[in-house]
Amino acid sequence: MDVLANILQWLEVKGSIYARTELQAPWGITVPESDSATYHVIDRGHCYLLMDGHEPLALTAGDLVMIPDGRSHSLVDALSTTPTPLDEIMDENGKMSCANYTKYQKSVCPHISHGGEGIPTIMFCGGFTFEEPKEHPLRALLPPLIYVSHEEREEVPWLETTIRFMAYEACKRQQGSDTMIAKLIDLLFIQIVRSWLSKQPEGQGGWLGALRDDSIRNCLSLIHDQPEHPWTVESLGKAVGMSRSGFSARFQTLVGISPLRYLTQWRMKLAARILKKQEKLGIQQLARKVGYDSEVSFSRAFKRHYQVTPGTWRRQQLTD
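Rules of the game
Residues numbered from 1 in each chain as written. Predicted model: local features only at pLDDT ≥ 70, side-chain atom pairs only at ≥ 80, totals over all residues. Heavy atoms only, no water. Phe/Tyr/Trp six-rings, centres within 6.5 Å; stacked < 30°, edge-to-face > 60°. Helix = DSSP H or I, 4+ residues; strand = E, 2+ residues; numbered from the N terminus. Buried < 20%, exposed > 50% of the residue type's maximum accessible area, 1.4 Å probe, protein only. Lys NZ or Arg CZ within 6 Å of the ring centre and 35° of its normal. Polar contact = N/O pair within 3.5 Å; in protein donor to acceptor, adjacent residues only side chain to side chain. Pairing = 2+ DSSP bridges. Core = buried A, V, L, I, M, F, W, Y, C linked by side-chain atoms within 4.5 Å. Contact = heavy atoms within 4.5 Å. Disulfide = S-S within 2.5 Å. Salt bridge = Lys/Arg side-chain N within 4 Å of Asp/Glu carboxyl O. Patch = residues over 30% accessible without salt bridge, like charges linked within 9 Å, V, L, I, M, F, W, Y side chains within 5 Å. Areas by Shrake-Rupley, 256 points an atom, 1.4 Å probe, with all protein chains shown as cover. Lys, Arg positive; Asp, Glu negative; His and termini not counted. Charge placed at Lys NZ, Arg CZ, Asp CG, Glu CD. Expected span 1.5 Å × (residues − 1). Arc of directions from axis to C-beta.

A. Up close: the packing of aromatic side chains. If you walk through the whole model with that rule in mind, you get nine aromatic pairs. A centroid spacing of 6.1 Å and a plane angle of 70° characterise the contact between phenylalanine 251 and tyrosine 262, whose relative ring orientation is edge-to-face. With phenylalanine 251 in helix H10 (residues 244–255) and tyrosine 262 in helix H11 (residues 259–277), this residue pair connects regions lying 11 residues apart in the sequence. Tyrosine 262 matches phenylalanine 251 in its accessibility class, with the two residues each being buried. Within the aromatic cluster, the residues linked to one another by ring pairs are Tyr292, Phe298, Phe302, Tyr306 and Trp313. When the ring centre of tyrosine 292 is taken as reference, the NZ or CZ atom of arginine 267 above it lies at 5.6 Å.

Printed below as a string of structure tokens:
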């Protein structure tokens with residue numbers, strides 16, 4: 001199985017917000033911190049992205065930016081413009097406050113306008129939600145800011161096509177547009193990650209970068225496809241045609257952790273997911289499902305990872 005697709009399926013990375021924003025100079029927007037990874041596509045005009053720890057980034061038509069950790073940032077037509085909080089802009093447009101903005105369903109595609117009477121800028125803005133916002137394995141790897149220029153978009157046909165389709169559906173608002181937009185947003189996240197990954201030097205990007213190595217990618221696929229198998233470093237190495245020592249060293253170099261530690265982390269993530277989704281599955285059955293011979297050994301491993309027992313974790317999830 002495709003490792004990235006497997007993780008997206010189990011940990012639910014989903015596009016949840018989409019808005020067509022029409023702005024006229026002078027204008028500025030401050031987007032608050034969010035659990036979502038936010039993104040902006042400049043469809044027409046230009047602006048600057050302002051974010052703590054980064055130099056102002058000039059954006060023009062065709063550019064795309066994503067802020068994976070959802071930190072607060074501003075978009076302005078000029079560096080001299082004072083931005084307006086998103087809350088106020090949402091109120092101007094009769095929309096939800098930004099406190100509830102990330103709770104928009106995927107079927108909602110509001111149009112928002114703001115600013116004066118000057119040069120227009122049109123953006124498509126949104127976000128990607130994560131099942132585990134603070135611990136998601138993708139978020140831990142991605143940088144604070146991903147920038148895809150319009151020149152780069154043209155070199156990646158599927159990314160360019162996806163964005164064009166999104167813009168078309170948002171503008172035309174035909175029957176089925178909401179469903180089309182929702183599906184396209186899901187594709188967009190994968191394409192943004194792919195674009196970022198393609199620019200990473202060899203050996204960078206953690207386990208995501210390691211997917212470019214055939215042997216390590218095959219190993220990760222085995223772990224994800226068969227977490228219940230009693231894998232050892234030797235058996236994983238043999239399965240991908242490498243010696244134990246050579247495989248272990250290469251995995252550690254490219255992924256950043258040992259093969260068995262990665263295996264344990266994936267098993268724990270998988271177990272936590274199953275505990276939340278399959279309420280009736282017994283702990284002993286779950287233990288076998290993720291590769292443990294006994295409920296005791298599984299419970300110990302789970303508690304080391306999450307600081308609570310599997311049963312306590314399940315009860316906490318049900319009461320949240």
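That covers the picture; the talk isn't over yet.
B. Representation of the environment of serine 74 within the structure. Within the secondary structure, serine 74 is located in strand E7 (residues 73–76). Separated by 26 residues in sequence, serine 74 and tyrosine 48 have C-alpha atoms that sit 8.1 Å apart. A distance of 2.9 Å separates the side chain of serine 74 from the side chain of threonine 30, its partner in a polar contact.

C. Fine view of the sheet that holds E7. With respect to topology, five strands assemble into an open sheet ordered E5-E4-E7-E2-E8, the strand pairing being mixed. Each edge of the sheet is formed by a strand with only one pairing partner; in this case those strands are strand E5 (57–60) and strand E8 (84–85).

D. Local environment of the nonpolar core. Ranked by internal contacts, the top residues of the largest apolar core, which has 65 residues, are Phe128, Leu188, Leu208, Tyr262, Phe298 and Phe302. Beyond its immediate chain neighbours, meaning those up to four positions away, leucine 188 contacts Tyr39, Leu64, Phe128, Leu159, Thr162, Ile163 and Met166. Counting 22 residues, the second largest nonpolar core, distinct from the first, contains Trp27, Ile89, Met90 and Met123.

E. Structural detail: the state of the cysteines. For the coordinates displayed, the defined rule picks out zero disulfides. Not part of a disulfide, cysteine 125 finds its nearest cysteine sulfur in cysteine 47, a span of 8.8 Å.

F. Structural detail: the environment of serine 113. Its place among the elements puts serine 113 in strand E9 (residues 111–115). On the basis of relative accessibility, which here comes to 42%, the residue serine 113 falls in the partly exposed class. Residues serine 113 and isoleucine 89 lie 24 residues apart in sequence; the distance between their C-alpha atoms is 8.0 Å. Setting aside residues no more than four positions away along its own chain, serine 113 makes contact with Glu22, Ile89, Glu92 and Asn93.

G. Structural detail: the pattern of salt bridges. Tallied over the entire structure, the rule returns five salt bridges. A salt bridge links lysine 199 to glutamate 152; the nearest nitrogen and oxygen atoms lie 2.9 Å apart. Taken together, the residues lysine 199 in the loop between helix H6 (177–198) and helix H7 (206–210) and glutamate 152 in helix H4 (residues 150–155) connect sequence positions 47 residues apart. Exposure remark for lysine 199: the relative accessible area of 41% places this residue in the partly exposed category.

H. A look at the pairing of strand E6 (residues 64–67). Where burial is concerned, the two faces of E6 agree: the one with Leu64 and Met66 and the one with Val65 and Ile67 are both buried. Bridge count for strand E3 (residues 37–44) against E6 is four bridges, and the pairing is antiparallel. When the bridges of E6 are listed, histidine 40 appears paired with valine 65.

I. Structural context of a negative patch on the surface. Among the surface-exposed residues, Asp87, Glu88, Asp91 and Glu92 lie close enough to one another that they form a single negatively charged patch. On the basis of relative accessible area, aspartate 87 is assigned to the partly exposed category, the value being 35%.

J. Geometry of H10. When the terminal C-alpha atoms of H10 are compared, their 16 Å separation across 12 residues agrees well with the 16 Å that a helix rising 1.5 Å per residue should span. Three or more residues of H10 are buried, namely Phe247, Phe251, Leu254 and Val255. For H10, the buried positions fall inside an angular range of 80° around the axis, keeping them on one side. Turned more than 90 degrees off the buried face of H10, the exposed positions are Ser245 and Thr253. For H10, the elements touching its buried residues are H7, helix H8 (214–225), helix H9 (233–239) and H11.

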